[in-house]
Number of protein chains: 2
Amino acid sequence: MLDVPAVLGGDRRALARLLTQIENGTAAAEAALAELYPHTGQAHLIGVTGPPGSGKSSLVNQLALCLRRGRAAQGGLPARAPASVAVVAVDPSSPFTGGAILGDRIRMRDLAGDPSVFIRSMASRGSLGGLARATGDVVKALDAAGFDKILIETVGAGQSEVDIARAAHTTLVVEAPGLGDDVQAIKAGLLEIADILVVNKSDLPGAAAAVRALRASLDLAHPAARRWATDSTGHHGPALGSVVARPEPEAGAGPWWVPPIVATVAIESQGLETLLDAIDQHQAHLRATGELARRERERLAHELESRLRDQLLAELRDRLGPLALDAALNQVAAREKDPGSAARELAAQALRL
Amino acid sequence: MLDVPAVLGGDRRALARLLTQIENGTAAAEAALAELYPHTGQAHLIGVTGPPGSGKSSLVNQLALCLRRGRAAQGGLPARAPASVAVVAVDPSSPFTGGAILGDRIRMRDLAGDPSVFIRSMASRGSLGGLARATGDVVKALDAAGFDKILIETVGAGQSEVDIARAAHTTLVVEAPGLGDDVQAIKAGLLEIADILVVNKSDLPGAAAAVRALRASLDLAHPAARRWATDSTGHHGPALGSVVARPEPEAGAGPWWVPPIVATVAIESQGLETLLDAIDQHQAHLRATGELARRERERLAHELESRLRDQLLAELRDRLGPLALDAALNQVAAREKDPGSAARELAAQALRL
């Protein structure tokens, strides 16, 4: 049995057991999640994504360390209280093997032994949407267990990023100089889900060009950003640890957010405090504008719909039996009936019962 | 109205119109697909995937050119008849914009004006699984329209690759030297969906190391490959255009396939004939072993299930009305009810009506 009070009380072993059950999709996990659900909604969910080679894992590691440490007020910067941190590392490129495990071990060197840090790697279970669902449930459990900040990292580029954007409050898109020709194309898509753009490895040649390219893309997406960038940062390269292009809201312009570009060198801990400030600012923005509630509702609507689909398909299987589905599949495979017609007929048949 | 006989007769404008309707998910497209479905199942579907920077688009371009041209028998190699070719370029990293269009234009320079080549770019429409469905339907239409070879290319790494593997008969995974640290991790996942491994840009430094790394991974996955690699190719680098590690079936070993590794330089047209031979061999293998029918059935089972889910959800919406879903969502957003319980109750309610 899963011990829900222990999870709520911060018992790591109980939490780990629950996460395993969630990954395996057991009925016990479902029941525990229903009990935990009223305790969710407290954590700040931070998604971290970007192409291979951008150094996402190192960045997540260093962010976790900085968040744990907190910061005293200094030089006009506000203090930041030490936070408890959970890391969920999702590897959708590893559909059949546990490829995320190695990264997990590497992480543990930096963060092991800290009771306020919890790390979980997840690999896809092969089913479309299954990983997104399981990740969402793991995040819920960590949220209910009381972690202040939950960093959700994915490898890869594609639909999985969009799903992360759905699951996180604040989405970081990480780039690095010199990742190859196709990267431009990826940027176009990722830009639209980014709340904060990070140019990591910004000590490498090409960092200034990478920032310029991102800024140009931002100009297209957010015309107001252009004005600001030209006025204040039009001529300098990526100052390490500085927010390169964060426009201030204009008087009367209403609540809006243009993704800032932050230059970092994660493995040398450069730029991380600035990045965390940008994350805090985004969280404050979400709260002040009501965007937090809007994103939350959209995410939950999506989850509810996805669960309904599963529930209804399970009911259909129960009602018609496996032979009905097999018979339909035989007709489709023999090209006697197209998949769309077969689905419509099966649904109608199940609903008449 | 969509002119199905014209599509079957090879009318490009009728085909283009149908594909647009498929992308928009219209009822007319559904009806046309039902009519076209008995004419599908003739084309060889070839998936091409791999990380950003591997040069997939150039490779697909060049493969299309070689397939169009065909080959006379020479030097012990069999002749290959000229084939009609369709290219479907899927960009799941571009969920909101038409980012694939630029690549499309670049392609057109090489292939424009050839009536036996058809190129279509697709960007995601934002819905989870929606792109995979639309791609499958576009491929069906091209299949029914009589194209011999359909090349399906995706940008990105992740779940979308698994879905391609489901949709294609033969899946090429493209790598290139020096794509960064994370690439190793991606290889682990992509390796398992690869029927043929391509090391493109193999004139770059690090090509031999890339081939060695892939071969080592193959050794782990297919112990028989190790024997062969040690015997025959254990000591040389990636010979351009040579199949670097294709073990022959052993006597009594039964029908099996170990992914060959083919070194190419797509932009200089090197290695492409060898790659096409490997593709032909894989097709022959699929036919000889019955694997073709097995893959087809698995793909159709997946499609049927996905359509059933959509169908049932649409029925539920009709039965309960939008207010019931909204009320449930309000309870979930207020954390009065968890999404799993809400879905179960809505499903039960709809099925009682």
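Residues numbered from 1 in each chain as written. Chains lettered and ligands numbered in written order. Predicted model: local features only at pLDDT ≥ 70, side-chain atom pairs only at ≥ 80, totals over all residues.

### Some points on the overall build of chain A
And then number 1: If you tally the helices and strands in chain A, you get 13 helices and seven strands.
And then number 2: In chain A, which comprises 353 residues, the share counted as buried stands at 51%.
And then number 3: Taking the intrachain contacts of chain A between residues at least 6 apart in sequence as the baseline, contacts between residues at least 24 apart amount to 71%. (Helix = DSSP H or I, 4+ residues; strand = E, 2+ residues; numbered from the N terminus. Buried ≥ 20, exposed ≤ 12 C-beta atoms within 10 Å, placed from the backbone. Contact = placed C-beta atoms within 7 Å.)

### Some details on the pairing of strand S5 (residues 170–175) of chain B
The side chains of a regular strand alternate, residue by residue, between the two faces of the sheet.
Residues and elements named next belong to chain B.
And then number 1: For S5, the tally of buried residues reaches six of six residues, placing the bulk of the element in the interior.
And then number 2: Across the two faces of S5 the burial is the same, with Thr170, Leu172 and Val174 and Thr171, Val173 and Glu175 all buried.
And then number 3: In the sheet, S5 pairs with strand S6 (residues 196–199) via four bridges, with the strands oriented parallel. For Glu175, the partnering residue across the bridge sits in S6 and is Val199. (Pairing = 2+ DSSP bridges.)

### Quick look at helix H4 (residues 56–69) of chain B
Residues and elements named next belong to chain B.
And then number 1: With 14 residues, H4 extends 20 Å from end C-alpha to end C-alpha; this agrees with the ideal 20 Å at 1.5 Å per step.
And then number 2: Taking burial as the measure, the 14 residues of H4 include 10 buried ones, the bulk of the element.
And then number 3: For H4, every residue scored as buried is listed here: Lys56, Ser57, Ser58, Leu59, Val60, Asn61, Gln62, Leu63, Ala64 and Leu67.
And then number 4: Looking one or two residues past H4, Gly70 carries a phi angle of roughly 75°, positive in sign. (Expected span 1.5 Å × (residues − 1).)

### So, the pairing of strand S4 (residues 149–154) of chain A
Residues and elements named next belong to chain A.
And then number 1: Of all six residues making up S4, six are buried, and the element is well covered by its neighbours.
And then number 2: Burial of S4 is two-sided: the residues Lys149, Leu151 and Glu153 facing one way and the residues Ile150, Ile152 and Thr154 facing the other way are all buried.
And then number 3: Sheet topology note: the strand S1 (residues 44–49)/S4 ladder contains five bridges and is parallel. Counted as the bridge partner of Ile46 is Leu151 from S4.

### A look at the packing of H4(B) against helix H11 (residues 272–289) of chain B
All names here are of chain B.
And then number 1: In the contact formed by H4 and H11, the axes pass within 10 Å of each other and the chain directions differ by 75°. Considered as vectors, H4 and H11 are oriented roughly perpendicular to each other. Residues Gln62, Leu63, Cys66 and Leu67 of H4 pack against Leu272, Glu273 and Leu276 of H11.
And then number 2: Of the residues that constitute the contact of H4 with H11, the class distribution is five nonpolar, one polar and one charged. (Axes fitted to C-alpha atoms, helices over the stretch in contact; angles between N-to-C directions. Parallel < 35°, antiparallel > 145°, perpendicular 65-115°, else oblique. Nonpolar A, V, L, I, M, F, W, Y, C, P; charged D, E, K, R; others polar.)

### Looking at the domain arrangement of chain A
All names here are of chain A.
And then number 1: Once the domains are mapped, chain A shows domain 1 (1–39), domain 2 (40–289) and domain 3 (305–352).
And then number 2: The interface is formed by 13 residues belonging to domain 1 together with 12 residues belonging to domain 2.
And then number 3: Broken down by element, the residue count for the side of domain 1 that touches domain 2 peaks at six residues, all from helix H2 (residues 12–24).
And then number 4: Split by residue class, the side of domain 1 that touches domain 2 holds nine nonpolar, two polar and two charged. (Domains from an automatic or database assignment.)

### Here we look at the environment of Asp326(A)
And then number 1: Position of Asp326(A) among the secondary structure elements: in helix H12 (residues 291–333).
And then number 2: Between the C-alpha atoms of Asp326(A) and Gly9(A), which are 317 residues apart in sequence, the distance is 47 Å.

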